[in-house]
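Take a look at the letters that make up each chain.
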Amino acid sequence: VQLQACGGGMVQAGGSLRLSCTASGTIGVIWRMGWYRQAPGKQREVVATVTSGGTADYAASVEGRFTVSRDNAKNTVYLQMGDLQPEDAAAYYCNAQPLINTATNYWGQGTLVTVSS
């Protein structure tokens, strides 16, 4: 199973970016997909997740600014990020949990988001 993420980059504070991540390989039905991030010297934290049924959850720090969505047919999850702030700068990792075993986590390689003030 591979998760390929793309869409990171550098943006000025207040700007927007859209991340996408596609899962490939023998993963079956994906129950939940989402995004995590890790800034230098900090622990990885959840940003947003969405289930196959469309239920989305967000970290309080991004609520109202970020929107997570997915295309089940394409095994792809998106993260639309708006009003980006320097504290949002981090490596963003996509995650997928298969329905057959929701305790299993597959991770993408990470895509870097840099926000200049």
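Higher on the page you've got the structure.
Now for a look at the structure at hand.

1. A few points about the packing of aromatic side chains
Thought 1: Tallied over the full model, the rule gives one aromatic pair.
Thought 2: It is arginine 44 that lies over the ring of tyrosine 93; its NZ or CZ is 3.8 Å from the centre.
Thought 3: For the cation-ring pair, arginine 44 lies above tryptophan 107, with the distance from its terminal atom to the ring centre recorded as 4.6 Å.

2. What to know about the state of the cysteines
Thought 1: Tallied over the entire structure, the rule returns one disulfide.
Thought 2: For cysteine 21, the disulfide goes to cysteine 94, at an S-S distance of 2.0 Å. Taking the sign of the S-S torsion, 45° for the link of cysteine 21 and cysteine 94, the bridge is right-handed. Of this pair, cysteine 21 sits in strand S3 (residues 17-24) while cysteine 94 sits in strand S9 (residues 90-98); the two residues are 73 residues apart in sequence, bridging distant segments of the chain. Taken as a pair, cysteine 21 and cysteine 94 share a single burial class, namely buried.
Thought 3: Free cysteine: cysteine 6, not disulfide-bonded; nearest cysteine sulfur from cysteine 21 at 8.3 Å.

3. Quick look at the pairing of S3
Thought 1: When strand S1 (residues 2-6) meets S3, the two strands line up antiparallel, connected through five bridges. By the bridge assignment, alanine 5 is partnered in S3 with cysteine 21.
Thought 2: In terms of strand pairing, S3 meets strand S8 (residues 76-81) through six bridges, oriented antiparallel. Across the sheet, cysteine 21 pairs through a bridge with valine 77, a residue of S8.

4. Quick word on the pattern of salt bridges
Thought 1: In total, this model carries three salt bridges according to the counting rule given.
Thought 2: Residue glutamate 45 pairs with arginine 37 through a salt bridge whose shortest N-O separation is 2.7 Å.
Thought 3: The partly exposed category is assigned to glutamate 45, whose relative accessible area is 36%.
Thought 4: For arginine 37, the salt bridge goes to aspartate 88, with nearest N and O atoms at 3.0 Å. Placement of the pair is arginine 37 in strand S4 (residues 30-38) and aspartate 88 in the loop between S8 and S9, with a sequence separation of 51 residues.
Thought 5: Judged by relative accessible area, which is 6%, arginine 37 ranks as buried.
Thought 6: Assessed through its relative accessible area of 0%, aspartate 88 is described here as buried.
Thought 7: When salt bridges that share partners are traced, they join Arg37, Glu45, Arg65 and Asp88 into one network.

The rules behind each value
- Residues numbered from 1 in each chain as written.
- Predicted model: local features only at pLDDT ≥ 70, side-chain atom pairs only at ≥ 80, totals over all residues.
- Heavy atoms only, no water.
- Phe/Tyr/Trp six-rings, centres within 6.5 Å; stacked < 30°, edge-to-face > 60°.
- Lys NZ or Arg CZ within 6 Å of the ring centre and 35° of its normal.
- Disulfide = S-S within 2.5 Å.
- Helix = DSSP H or I, 4+ residues; strand = E, 2+ residues; numbered from the N terminus.
- Buried < 20%, exposed > 50% of the residue type's maximum accessible area, 1.4 Å probe, protein only.
- Pairing = 2+ DSSP bridges.
- Salt bridge = Lys/Arg side-chain N within 4 Å of Asp/Glu carboxyl O.

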